[in-house]
Amino acid sequence: MEESKTDAILLLNGSESTSNFLYMTGFTSGVFEGTPLLLKESSSMLFANSLEYEIAKKEAPEYIKVIKVKTRKELDRQLAHYAEGKLLGYDGKALSVSAYKNIKKAVKPKSTIDVSSI
């Protein structure tokens, strides 16, 4: 985060496993399609659906807090709680335009920056 000069970085696992997401989580099982991982300097949160919550709790490194979300609305609320008003980095190589627009609408970051080159 120091290099990207962001307050937080949001990684979203795509329909095909995204290397940055897998690297940061260390997951070896589960699909986690569309699962967001929010990295902050002081803490990191993974927002898992009900189907993959137990796998995430079991496999996530201790620095990642796993939060169970049941609906899209609840996910948006949680992301906004942790990232609203922040300078938010994202992986532009792995994030679709529609996902980017949805995140900006839900989270309302102060600003966004593509950190994929970092």
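To be clear, the structure that these remarks concern was listed above.
This is a predicted model, so every value here is computed, not measured.

1. Points about the overall build of the chain
(1) Moving on: Within the chain, the secondary structure is distributed over 4 helices and 6 strands.
(2) Moving on: Counted from the first residue to the last, the chain has its helices and strands arranged as β-α-β-β-α-β-α-β-α-β.
(3) Moving on: For the chain, whose C-alpha radius of gyration is 13 Å, the value lies close to the compact-globule estimate of 13 Å for 118 residues.
(4) Moving on: Dimensions along the principal axes, computed over C-alpha positions, put the chain at roughly 35 × 30 × 25 Å.
(5) Moving on: Each of the 118 residues in the chain was classed as buried or not, and the buried ones make up 42%.

2. Points about the environment of Leu 95
(1) Moving on: Here Leu 95 lies in the loop between β5 (87-90) and α4 (97-107).
(2) Moving on: Take Leu 95: its relative accessible area is 14%, and that puts it in the buried class.
(3) Moving on: With 84 residues separating them in the primary sequence, Leu 95 and Leu 11 have C-alpha atoms 8.2 Å apart.

Parameters at a glance
- Residues numbered from 1 in each chain as written.
- Predicted model: local features only at pLDDT ≥ 70, side-chain atom pairs only at ≥ 80, totals over all residues.
- Heavy atoms only, no water.
- Helix = DSSP H or I, 4+ residues; strand = E, 2+ residues; numbered from the N terminus.
- Rg over C-alpha atoms; globule rule 2.2 N^0.38 Å.
- Buried < 20%, exposed > 50% of the residue type's maximum accessible area, 1.4 Å probe, protein only.

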